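In case you want the letters, here they are:
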Amino acid sequence: MRIGKKEFNLGNETYIMGILNVTPDSFSDGGKFNNIEAAVNHAKEMIEEGAHIIDIGGESTRPGSAKVQEQEEIERVIPIIEALAKEIDVPISIDTYKGKVAELAIQAGASLINDVWGFKKDPYIAEVAAKYQVPCCLMHNRNNTEYNNLVEDVIKELNECIDIALEAGVKKENIILDPGIGFGKTVEQNLIVMKNLKRIREIGYPVLLGTSRKSMIGKTLDLPVEQRVEGTIATTVMGIMSGCEFIRVHDIKENLRAARMTDAILNSEK
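Residues numbered from 1 in each chain as written. Predicted model: local features only at pLDDT ≥ 70, side-chain atom pairs only at ≥ 80, totals over all residues. Heavy atoms only, no water.

**Looking at the pattern of salt bridges**
Here the structure, examined in full by the defined rule, presents 17 salt bridges. In this structure, Glu 72 engages Arg 76 in a salt bridge whose closest nitrogen and oxygen atoms are separated by 2.8 Å. Pair noted here: Glu 72 and Arg 76 are both in helix 2 (residues 70-87), with a separation of four residues, about one helical turn. Since its relative accessible area comes to 36%, Glu 72 is described here as partly exposed. The exposure class assigned to Arg 76 is buried, which follows from its relative accessible area of 18%. Residue Arg 199 pairs with Glu 202 through a salt bridge whose shortest N-O separation is 3.8 Å. (Salt bridge = Lys/Arg side-chain N within 4 Å of Asp/Glu carboxyl O. Helix = DSSP H or I, 4+ residues; strand = E, 2+ residues; numbered from the N terminus. Buried < 20%, exposed > 50% of the residue type's maximum accessible area, 1.4 Å probe, protein only.)

Structural data, given as structure tokens:
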């Protein structure tokens, strides 16, 4: 898969997406990087630690967070993407479900759309992905936790996202899936989806896993946000062993080391 100027050799190496929240209220690092200098410096730190992609988000998606208007989100993310594009050579991802934000982000230098609503919130975002022929990550999400059959329903709803993308003209080779850990699922449901990640991979697309510091880990281990690194690493290893090619995290160095060790074991001769 090609993202921006970089080729990603899927199936042989796990790739790390570094999280750069430029919001005042994200659950883990809200307010730390919502100015250009701090954001650029943190992105560079993540790249030094081994991040392969930098994912920039201008609206917190934590439960109960305030909705951000389109113009405000644009004002948060576009100047930072423009600055970053001049400073770094790894691909930039825009974490948004709004089509106009995604389009301006691509024009500013982003080369991947990461939509937490899997193209179901704003129909225009699928058109943007098709128009610019950029890869897109379609995440499973819904407004409730009432499933008939959890895993089968998640697969069905991800396939609906895929259909939206393909019908808009997105190429099959530009689609990545995300099972949506922490979105539209209880803690127990998140654990079940984690246990069944191979089923998600069997849909036939690369999979991105985003569990970093999430409440599934905090509630399972009874730990605050800043003490969830080990729990995150456990999910990273399980994700890679289940076929996930991309891991989205805050703590780059620790998760990359775990990924490299897991890759080495999986790629060793039988």
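**As for the packing of aromatic side chains**
Scanning the model with the defined rule gives three aromatic pairs in all. Between the aromatic rings of Phe 8 and Phe 246, the centroid separation amounts to 6.0 Å while the plane-to-plane angle is 50°, which identifies the pairing as tilted. Taken together, the residues Phe 8 in the loop between strand 2 (6-7) and strand 3 (15-21) and Phe 246 in strand 10 (residues 246-249) connect sequence positions 238 residues apart. Classification of Phe 8 as buried rests on a relative accessible area of 5%. With centroids separated by 6.1 Å and ring planes inclined at 35°, the aromatic side chains of Tyr 15 and Phe 246 adopt a geometry described as tilted. With Tyr 15 in strand 3 and Phe 246 in strand 10, this residue pair connects regions lying 231 residues apart in the sequence. Take Tyr 15 and Phe 246: they sit in the same class, and that class is buried. Between the NZ or CZ atom of Lys 121 and the centre of the ring of Trp 117, over which it lies, the distance is 4.7 Å. (Phe/Tyr/Trp six-rings, centres within 6.5 Å; stacked < 30°, edge-to-face > 60°. Lys NZ or Arg CZ within 6 Å of the ring centre and 35° of its normal.)

**What to know about the sheet that holds strand 8 (residues 175-178)**
Strands sit in the order 8-7-6-5-4-3-10-9 across an open sheet of eight strands; the sheet is parallel. Single-partner strands in this sheet number two, and they are strand 8 and strand 9 (208-209). Relative to strand 10, strand 9 is paired through two bridges, and the arrangement is parallel. Note on strand 10: the bridge partner recorded for Leu 209 is Ile 247. (Pairing = 2+ DSSP bridges.)

**Examining the packing of helix 2 against helix 3 (residues 99-108)**
Between helix 2 and helix 3, the shortest axis-to-axis distance is 9 Å and the interhelical angle comes to 15°. In terms of orientation, helix 2 and helix 3 fall into the roughly parallel class. For the pair helix 2 and helix 3, the crossing hand works out as right-handed. Along its contact with helix 2, which presents Glu 70, Glu 73, Ile 74, Val 77, Ile 78, Ile 81, Glu 82 and Ala 85, the element helix 3 presents Lys 100, Val 101, Leu 104, Ala 105 and Ala 108. Each residue belonging to the contact of helix 2 with helix 3 can be placed in one class, and the counts come to nine nonpolar, no polar and four charged. (Axes fitted to C-alpha atoms, helices over the stretch in contact; angles between N-to-C directions. Parallel < 35°, antiparallel > 145°, perpendicular 65-115°, else oblique. Left-handed = near helix turned anticlockwise from the far one by under 90°. Contact = heavy atoms within 4.5 Å. Nonpolar A, V, L, I, M, F, W, Y, C, P; charged D, E, K, R; others polar.)

**Some thoughts on unusual backbone geometry**
Glycine aside, the phi torsion of most residues is negative, and most peptide linkages are trans. With phi around 70°, Phe 119 is a residue other than glycine that occupies positive phi space. Inspection of the secondary structure puts Phe 119 in the loop between strand 6 (112-115) and helix 4 (123-132). Positive phi is not limited to glycine here, since Gln 133 has a value of about 50°. Relative to the elements of secondary structure, Gln 133 occurs in the loop between helix 4 and strand 7 (136-139).

**Structural notes on the pairing of strand 8**
Covered by surrounding structure in strand 8 are Ile 175 and Leu 177 together with Ile 176 and Asp 178, the residues of both alternating faces. Looking at chain direction, strand 7 and strand 8 are connected through four bridges and run parallel. Paired with Cys 137 across the bridge in strand 8 is Ile 176. Assessed by its sense of winding, the connection that carries the chain from strand 7 through helix 5 (residues 150-168) to strand 8 is right-handed. (Right-handed = clockwise from strand over helix to strand, strands pointing away.)

**Notes on the nonpolar core**
If you look at the biggest cluster of nonpolar residues, it comprises 67 residues, and the most contacted ones within it are Ile 54, Ile 56, Leu 84, Ile 113 and Phe 119. The element contributing the most residues to this core is helix 5, with eight residues. Ignoring sequence-local partners within four residues, the contact set of Ile 56 consists of Leu 20, Val 22, Val 77, Ile 80, Ile 81, Leu 84, Ile 92, Ser 93, Ile 94 and Asp 95. Tyr 15, Leu 112, Leu 208 and Phe 246 belong to the second largest nonpolar core, which has eleven residues in total. (Core = buried A, V, L, I, M, F, W, Y, C linked by side-chain atoms within 4.5 Å.)

**Looking at helix 3**
Burial within helix 3 is extensive, with seven of its ten residues counted as buried. Of the surrounding elements, those touching the buried residues of helix 3 are helix 2, strand 5 (92-95), strand 6 and helix 4.

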